[in-house]
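Summary of structural features
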Amino acid sequence: MRVAVTGASGRLGRALIEALEAAPFTGPKGPIAWSRPEFDLDTLTVESVGALIERDRPELVIHAAAWTDVDGCAKDPALAMRRNATATGLVAEACVGYHAHLAVISTNEVFDGTRTDGQGYGPYDRRNPINAYGASKAEAERLASGAMFEDELMPLAIVRTSWLHGPPGNDFPAKIAAAAIRARAAGEPLRVVGDEIGSPTYAPDVAEAIVELIGEDELCPESELARYHHLVNRGRASRAEWAREVLRATAIDVQVEEVPASTWQRASTPPLWAVLEPTPLPSGEPMRHWRDAFADAVPALLRSLRQG
Ligand SMILES: NC(=O)c1ccc[n+]([C@@H]2O[C@H](COP(=O)([O-])OP(=O)(O)OC[C@H]3O[C@@H](n4cnc5c(N)ncnc54)[C@H](OP(=O)(O)O)[C@@H]3O)[C@@H](O)[C@H]2O)c1
């Protein structure tokens, strides 16, 4: 199975390449990494993606590239639509043209976050994004489905995840640790949003889960129109709970003051209930708890703090 990954130098992209390199089904040639500039969301066309597929002959394309700066997307929604939605539609058209299967990586932000029954969003809950990034990703899902089902049915997977962290850092834990060090130096508490709840998820775990699904032919089976997956670490946490876990793991002693998201000035409005209900994996085992996954990320976080 030849697998190509777009956005291969991003957080999830690099985890995917690493997991695919260890997967027996990718064979001696291994996975195909597509990054900028050969794969550029701003300039790609059906033809340019088709040329890459013709050159590298993937049977499956995992489209992980996206403009993930949610506040940037809020400031320029038209650019967000072009980079995240239109480009995904073009990638899907190219996949159809060359009979490649497609997995589109998506997000909890396609949901509005207003669910109040304590359950996570299920794969077939109604998309209702409340910000430009979520709208662009929801439209990406819609355009991919439209293209993949137009003439002939090409297998499609929509893989949603949330609150990703992991190498190369500069993620929520790294930002919290840096902010905590500044707060401690200033003798102030660390203010963290307490009413935004989600599923913190370790990118390498998502990559492993995708590899498991491919290996068992469960990512985008031929027999189905589209398979929706929610790949998140088990459990849930508020931003403040996650921050406390970061402070505990890094031994940074500073008081956390919980503040409501409504008082946090930012361009984008995040969905307050960002919890996804995990979908089953072939092994029958759920992905591990987010606290266990985060423990694996701590050594790299500590190393980066020590290096300043
Ligand atoms: N981060 C999260 O919390 C989260 C949550 C749910 C879903 N997701 C989804 O997961 C996927 C991977 O996200 P991530 O966390 O790995 O994000 P990331 O680290 O920002 O990676 C995004 C990738 O897309 C590439 N990219 C950005 N703009 C591009 C452009 N104009 N042309 C070509 N490539 C471009 C980046 O290339 P460079 O490396 O060259 O910048 C990078 O490789 C995305 O589809 C995202 O929507 C992320």
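Residues numbered from 1 in each chain as written. Predicted model: local features only at pLDDT ≥ 70, side-chain atom pairs only at ≥ 80, totals over all residues. Heavy atoms only, no water.

1. A few points about the overall build of the chain
Looking only at helices and strands, the chain has nine helices and 13 strands in total. If one aligns the C-alpha atoms of the chain with their principal axes, the spans along those axes are about 60 × 40 × 40 Å. Per-residue burial over the chain gives 54% buried out of 308 residues. Of the contacts formed within the chain by residues at least 6 apart in sequence, a portion of 82% connects residues at least 24 apart. (Helix = DSSP H or I, 4+ residues; strand = E, 2+ residues; numbered from the N terminus. Buried < 20%, exposed > 50% of the residue type's maximum accessible area, 1.4 Å probe, protein only. Contact = heavy atoms within 4.5 Å.)

2. Some details on the site of the ligand
Taken together, 24 residues sit near the ligand, with Leu 12, Arg 36, Leu 41, Thr 68 and Tyr 133 positioned nearest. The contact in question runs from an oxygen atom of the ligand to an N or O atom on the backbone of Gly 10, over 3.0 Å. Surface burial for the ligand is 82%, taken as the share of its 900 Å² of free accessible area covered by protein chains. The set of elements that each furnish at least two residues to the shell around the ligand consists of helix H1 (11-21), strand S4 (101-107) and helix H5 (132-149). Per-element accounting of the shell around the ligand gives the leading share, three residues, to S4. Residues that form the shell around the ligand fall into these classes: ten nonpolar, eight polar and six charged. (Near = heavy atom within 4 Å. Polar contact = N/O pair within 3.5 Å; in protein donor to acceptor, adjacent residues only side chain to side chain. Areas by Shrake-Rupley, 256 points an atom, 1.4 Å probe, with all protein chains shown as cover. Nonpolar A, V, L, I, M, F, W, Y, C, P; charged D, E, K, R; others polar.)

3. Quick word on the environment of Arg 57
Counting through the fold element by element, Arg 57 comes out in the loop between helix H2 (46-56) and strand S3 (60-63). Spatially, the C-alpha atom of Arg 57 lies 8.6 Å from that of Tyr 98, the residues being 41 residues apart in sequence. Look past the residues within four positions of Arg 57 in its chain and what remains in contact with it is Arg 2 and Leu 52. Polar contacts involving the side chain of Arg 57 include one to the main-chain carbonyl oxygen of Glu 54, which spans 3.4 Å.

4. A short note on helix H6 (residues 172-186)
Along its 15 residues, H6 runs 21 Å from first to last C-alpha, staying within 8% of the 21 Å computed at 1.5 Å per residue. Buried within H6 we find Phe 172, Pro 173, Ala 174, Ile 176, Ala 177, Ala 179, Ala 180 and Ala 183. Where H6 is buried, its residues meet strand S6 (164-165), strand S7 (190-193), helix H8 (239-250) and helix H9 (290-306). Where H6 ends, the next residue or the one after it, Gly 187, has phi of about 70 degrees, a positive value. (Expected span 1.5 Å × (residues − 1).)

5. Quick word on the nonpolar core
Leu 16, Leu 60, Ile 62, Ile 210, Leu 219 and Leu 231 are the most contacted members of the largest nonpolar core, which totals 30 residues. Those elements that place two or more of their residues in this core are strand S1 (3-6), H1, S3, S4, strand S5 (156-161) and helix H7 (203-215). With eight residues, the single largest contributor to this core is H7. Non-local contacts of Leu 60, meaning those with residues more than four positions away in its chain, are made with Met 1, Arg 2, Val 3, Ala 4, His 101, Leu 102, Ala 103, Ile 214, Leu 219 and Cys 220. (Core = buried A, V, L, I, M, F, W, Y, C linked by side-chain atoms within 4.5 Å.)

These figures capture arrangement, not role.
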